Amino acid sequence: MHLWQATLPICLLVSAALPVAATSAWGFADATVAVQPKGAGINGGFKEQFDSKKPLSKPIAFTDVDSLRVILTAKEGSSSKRPHQAFLLLKDERNGLDVSYPFTVKENGKARLELTQKELPIQFLSLADPIDARVVIGSFGESKAYDSSVFKLKIQRDANIPLPTAVTSRYGKLPEIHHIFKDSPSNPPIVITLAFTAAVAATLPVLGFMWLFLGANLGHLPTAIKSAPLPHAIFLGSLFSFEGLFFLYYTSWNLFQLLPAAALVGVVAFVSGSRALGEVQGRRLAGLR
Amino acid sequence: MRWCLALLLCGFLAAVNALSSSGSRLLVVLDESTDQSAYSTLWSDLKGRGYDVSFESPKSDKLSLFKHGARAYDHLLIIPPKSKGLGPNLTPKNILDFLNKDGNILLALSGKAATSSAISSLLLEVDIQLSNDRSSVVVDHFNYDTVSSAEKHDVLLLQRPGPLRPDVKAFFNGEGVVALPRVAPQTLGSESNLVSPILRAPATAYAYNPKEEMPAPEDIEATGSQLNIVSAMQARNSARFTVLGSAEALEDQWFSASVQAPGGKKTTTVNREFAKQLTAWAFKETGVLKVEKIEHYLATDGEVAPENLNPKIYRIKNETVFNIEVSEYNYDKWVPFEVPGNDELQLEFTMLSPFHRLALKPVGRTETSTIYSTKFTTPDQHGIFSFRINYKRPFFTNIEEKHEVTVRHFAHDEYPRSWDISAGWVWIAGLWSVIGGFLAFVLVWLYSAPATEKLKKTQ
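Residues numbered from 1 in each chain as written. Chains lettered and ligands numbered in written order. Predicted model: local features only at pLDDT ≥ 70, side-chain atom pairs only at ≥ 80, totals over all residues.

Per an unreviewed UniProt entry, chain B carries the name Dolichyl-diphosphooligosaccharide--protein glycosyltransferase subunit WBP1 and comes from Penicillium ucsense. According to UniProt, the comment filed for chain B under the heading Pathway (unreviewed entry) is "Protein modification; protein glycosylation." We quote the UniProt Subunit (unreviewed entry) comment for chain B here in full: "Component of the oligosaccharyltransferase (OST) complex." (UniProt positions renumbered as here; feature names shortened; annotations may be inferred.)

As recorded in an unreviewed UniProt entry, chain A goes by Ribophorin II C-terminal domain-containing protein and comes from Penicillium ucsense. What the UniProt record of chain A gives under Subcellular location (unreviewed entry) is the line "Endoplasmic reticulum membrane".

Asker: What am I meant to see in the overall build of chain B here?
Answerer: On a plain count of helices and strands, chain B comes out with eight helices and 26 strands. If one aligns the C-alpha atoms of chain B with their principal axes, the spans along those axes are about 140 × 65 × 45 Å. For chain B, buried positions account for 38% of its 459 residues. (Helix = DSSP H or I, 4+ residues; strand = E, 2+ residues; numbered from the N terminus. Buried ≥ 20, exposed ≤ 12 C-beta atoms within 10 Å, placed from the backbone.)

Asker: Is there a simple way to explain the overall build of chain A in this structure?
Answerer: Within chain A, the secondary structure is distributed over six helices and eleven strands. Looking at chain A as a whole, 18% of its 289 residues are labelled buried.

Asker: Mind showing me how you'd approach the environment of Val177(B) here?
Answerer: Residue and element names in this part refer to chain B. You can see Val177 is positioned in strand 10 (residues 177–181). A sequence separation of 20 residues divides Val177 from Leu157, and the C-alpha atoms of the two residues are 6.0 Å apart. If sequence neighbours within four positions are ignored, Val177 has contacts with Leu157, Leu158, Gln159, Val259, Thr267, Thr269 and Val270. (Contact = placed C-beta atoms within 7 Å.)

Asker: Looking at this model, I keep getting lost on the UniProt feature "transmembrane region" (unreviewed entry) in chain A. Mind explaining?
Answerer: The sites that UniProt annotates as "transmembrane region" (unreviewed entry) are residues 190–213, 233–252 and 258–278 of chain A. When the span residues 258–278 of chain A is considered, its composition is 100% helix and 0% strand, and the gap between its end C-alpha atoms is 29 Å.

Asker: How should the confidence of the model for chain B be read in this particular structure?
Answerer: Do not read the fine detail of predicted coordinates wherever pLDDT is low. Residue and element names in this part refer to chain B. A residue-level look at chain B finds 94% of positions with pLDDT of 70 or above and a mean pLDDT of 89. In the predicted structure, residues 7–16 sits below a pLDDT of 50 and forms zero contacts with residues beyond four places in sequence or in another chain. For this predicted complex, the interface confidence score (ipTM) comes to 0.82, while the overall pTM stands at 0.82. (pLDDT = per-residue confidence, 0-100.)

Asker: Just checking my understanding: could you explain the UniProt feature "domain: OST48 middle" (unreviewed entry) in chain B for this structure?
Answerer: The positions UniProt marks with the feature "domain: OST48 middle" (unreviewed entry) are residues 307–448 of chain B. Between the C-alpha atoms that bound residues 307–448 of chain B the distance is 66 Å, and the span itself is 16% helix and 46% strand.

Asker: Where do I start with the sheet that holds strand 6 (residues 85–92) of chain A in this structure?
Answerer: Across a sheet, paired strands are connected by hydrogen bonds in the backbone, their directions being either parallel or antiparallel. Residues and elements named next belong to chain A. Strand order in the open sheet made by the five strands is 3-11-10-6-7, with mixed pairing throughout. Each end of this open sheet is capped by a strand with a single partner; those strands are strand 3 (60–62) and strand 7 (97–102). Between one strand axis and the next, the sheet turns through 35° on average, direction left out of account. (Pairing = 2+ DSSP bridges. Axes fitted to C-alpha atoms, helices over the stretch in contact; angles between N-to-C directions.)

Asker: What is the right way to look at the nonpolar core in this model?
Answerer: Generally speaking, a soluble globular protein has its nonpolar side chains buried in company with each other. Counting 82 residues, the largest nonpolar core has Leu76(B), Ala108(B), Val138(B) and Ala179(B) as the members making the most contacts within it. The greatest single-element share of this core, amounting to six residues, is contributed by helix 6 (residues 271–282) of chain B. Val138(B) has contacts with Leu156(B), Val183(B), Pro185(B), Ala201(B), Ala205(B), Ala207(B), Leu227(B) and Ile229(B), leaving out every residue within four places of it along the chain. Core analysis: the second largest hydrophobic core is formed by 34 residues, Phe28(A), Val33(A), Ile131(A) and Ile137(A) among them. (Core = buried A, V, L, I, M, F, W, Y, C linked by C-beta atoms within 7 Å.)

Asker: Would you mind showing me how to read the UniProt feature "domain: OST48 N-terminal" (unreviewed entry) in chain B here?
Answerer: Residues annotated by UniProt as "domain: OST48 N-terminal" (unreviewed entry) correspond here to residues 25–282 of chain B. Along residues 25–282 of chain B one finds 17% helix and 27% strand; the C-alpha atoms at either end are 14 Å apart.

Asker: Would you take a moment to explain helix 7 (residues 425–447) of chain B for this structure?
Answerer: An α-helical turn contains 3.6 residues, so any two residues separated by three or four positions project in the same direction. Taking 1.5 Å per residue, 23 residues should reach 33 Å; helix 7 of chain B reaches 33 Å between its end C-alpha atoms and fits that length. Looking only at helix 7 of chain B, the buried set comprises Trp425(B), Val426(B), Ala429(B) and Tyr447(B). Close packing links the buried residues of helix 7 of chain B with helix 3 (190–213) and helix 4 (221–227) of chain A. (Expected span 1.5 Å × (residues − 1).)

Asker: Explain the domain arrangement of chain B here, please?
Answerer: Interfaces are often sized by the accessible area lost when the parts come together. Structurally, chain B comprises domain 1 (17–284), domain 2 (287–412) and domain 3 (422–458). Between the C-alpha centres of domain 1 of chain B and domain 3 of chain B the distance comes to 99 Å. (Domains from an automatic or database assignment.)

Asker: So what exactly am I meant to see when it comes to the interface of chain A and chain B here?
Answerer: Across the boundary between the two partners, chain A contributes 58 residues, which contact 57 residues of chain B. For the side of chain A that touches chain B, the secondary structure elements donating two or more residues are strand 6, strand 7, strand 10 (131–138), helix 3, helix 4 and helix 5 (229–251) of chain A. By residue number, the principal contributor to the side of chain A that touches chain B is helix 3 of chain A, which donates eleven residues. Tallied by class, residues from the side of chain A that touches chain B come to 26 nonpolar, 21 polar and eleven charged. (Nonpolar A, V, L, I, M, F, W, Y, C, P; charged D, E, K, R; others polar.)

Asker: Looking at this structure, how should I read the domain arrangement of chain A?
Answerer: Annotation of chain A at the domain level lists domain 1 (26–155), domain 2 (187–217) and domain 3 (219–289). Relative to domain 3 of chain A, the C-alpha centre of domain 2 of chain A lies at a distance of 26 Å.

Asker: What is the right way to look at helix 3 (residues 92–100) of chain B in this model?
Answerer: Residues and elements named next belong to chain B. Residues Ile95, Phe98 and Leu99 constitute the buried set of helix 3. An end-on view of helix 3 places all buried positions within 100° of arc, on one side of the element. Opposite the packed face of helix 3, turned more than 90 degrees from it, sit the exposed residues Lys93 and Asn100. Packing partners of the buried residues in helix 3 comprise strand 4 (70–71), strand 5 (75–78), strand 6 (104–108), helix 4 (117–125) and strand 15 (240–244). Positive backbone phi, at 70°, marks Asp102, one or two positions downstream of helix 3. (Arc of directions from axis to C-beta.)

Asker: Hey, could you run me through the confidence of the model for chain A in this one?
Answerer: Per-residue confidence for chain A gives a mean pLDDT of 86; residues scoring 70 or more make up 90%. Ranking the elements of chain A by mean pLDDT puts helix 1 (residues 2–22) of chain A last, at 44, and helix 3 of chain A first, at 95.

Asker: Sorry if this is basic, but what is going on with the environment of Glu279(A) here?
Answerer: Residue and element names in this part refer to chain A. Relative to the helices and strands, Glu279 is located in helix 6 (residues 255–285). Counting along the chain gives 24 residues from Glu279 to Leu255, while the straight-line C-alpha distance between them is 35 Å. Sequence-distant contacts of Glu279, that is, excluding residues within four places in its chain, are made with Ala224, Ser227, Ala228 and Pro231.

Asker: What's the story with unusual backbone geometry in this structure? I'm lost.
Answerer: With glycine set apart, most residues show a phi of negative sign, and most peptide bonds adopt trans. Residues and elements named next belong to chain B. The backbone of Arg134 shows a phi angle near 55°, a positive value even though the residue is not glycine. Tracing the backbone through its elements, the reader meets Arg134 in the loop between strand 7 (128–130) and strand 8 (137–139). By the C-beta count within 10 Å, which is 17 here, Arg134 ends up partly exposed. Look at His153: it is not a glycine, yet its phi comes out positive at around 60°. Among the secondary structure elements, His153 is positioned in the loop between strand 8 and strand 9 (155–159). We classify His153 as buried; it has 26 C-beta atoms within 10 Å.

Asker: Even after reading the chapter, I still don't get the packing of helix 5 of chain A against helix 6 of chain A, so can you show me in this structure?
Answerer: Helix-helix packing is described using two parameters, namely the angle between the two axes and the distance between the axes. Residue and element names in this part refer to chain A. Two elements in contact, helix 5 and helix 6, have axes separated by 8 Å at closest approach and are oriented at 155°. Relative to helix 6, the element helix 5 lies roughly antiparallel. As for the relative orientation of helix 5 and helix 6, their crossing is left-handed in sense. Across the interface between the two elements, Pro231, His232, Ile234, Phe235, Ser238, Leu239, Ser241, Phe242, Leu245 and Tyr249 of helix 5 pack against Leu258, Ala261, Ala262, Val265, Val268, Ala269, Ser272, Gly273, Arg275, Ala276 and Glu279 of helix 6. (Parallel < 35°, antiparallel > 145°, perpendicular 65-115°, else oblique. Left-handed = near helix turned anticlockwise from the far one by under 90°.)

Structure representation (structure tokens):
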């Protein structure tokens, strides 16, 4: 009794819903999908039946030597009939790609489609995920059209054959470019520089000691100062200031500052030098050197 | 003073006529037999947005797109005539000349009758193709209006389109469905980057010639999203050519029709809003960019003196700042331009090829513009460089800016001094020890007494 009470409303509900569903919807029956490698016999390759309610669970491998064959019978309600639209729709949701292949349909609803990888758009060939293959059957009038996923197609390619590419230019942002600068000039290790600098600087004291060892002296300085004090002081001073001028030119002066100063010091050195060297000649003539 | 007044007057006029950024003269080419009042809401909407709408029949002798060699109109809207062709005054060449002179065109097609071959060849010029028989209609057994086309399924009900790509701004999006009766589909050439789809057919749609009973599989040229219902071509001069597959969609009866998709609820169409978005874009009320100001200068702390702005010459390895202000026109005013999500405004520093290509980042905004800026070091290569902005995107007018500057190498006194270079210390030490040795030698030569004792010993 309770069971009857419970089932009655359900029956009513179903009977209310049925007419809507039964205003005849498009669908199909006796569907098979076959993948046959080129040259394989009638029974070679893969073949499986599918129905309109549930898609095949496993993806179908589809290589570049295979041909895919889908056969089905289109039905409006329960009668076989030729629809206006019977497509195999390949769809990749992630990239928004879709392409349809129309079935060759006979008057009795028997539909057949053959497909090879050559017919696929090249954008599909590089997809890593399986493609959703849907059957779309529809026609004019009241009947509800059918569109549902029936199997998944996994595109496999020979890795040795390069993918055809379609480079089309589209306006968009371009990759960033950052200029690669040349390496700035580098110095040798500071230790080596210091060692060689020390070696070069050491030549001056070595020279001094050698001269002293060979008997160099300043023994005639008092005599020279006594006989010609001014020329000697000025001559030496001008020589030292020449070096000073060069130092200034090296650090901060420019050529136009150096030249007049050097000319002035040069004249002074010439005049005082001739006097000072005259004194030196006097010493030589006196047999002192 | 007079100049100021003129500017004020211009501003005042612009405020009064809130309208397209490129003029208000709109010519509607409409067959006499076509009822003009069928589109009355569209005309009143366009007039309300400030257009001077004038109507001409394609057969009229007075119809001319040019006057004294200049454009007589700023925009052109063509409703397909029932008769063949557009007449002698609207040849494809005339229409392309109009486009080349910065005129904008909105061409409506209709799947009711075969499209004329003149229009087909015009569309081929802009890389938009019609179907081979030029009389295809798009049908979709999943997205049709059950009220008006329960049998024929040729009134498509579609959502308004979102962005074309993640990095492209959506100009036509929004809620609600658009009814598109008897669409003549277009396919786009894949080679051109000037054409872009505005509204594509759903994946389950296909096109067929209604005169034929059953389409043979080999007659089906394009399906699904390869079929375009609305497409656009923006030429290199930023003039716009828009193709609407269904002229009927602009009619009053579809502006607020009550429609119902199979298995859906009854809704009212949003054709009126979509027509507004479409005509606004086609006639340059939206998606128009303008560069307000460009500044570049040496990077410094604090304010840059005006005389140091935009120098003609830079040195290699200079820290340089580049600023650009960009505005976007939005229906009736200039607003700050925002770069769409994944996109970037890029600066190139170029001599023959770009040495730097850098993203410009927004750093501030004024009332009408956004300031984009970047900072970079000029390359270690002297020559004539240019700052280049080449911003071309679907649905935006092009920005092409080129500002030339000289990049010189280091001057003689800009290199580091020799004592800063540790490798030079050996040579400096050598130099000064020679100088020291010379001075010591002069002293010894002048004042050394002969080493007499030692000489005697050796003798």
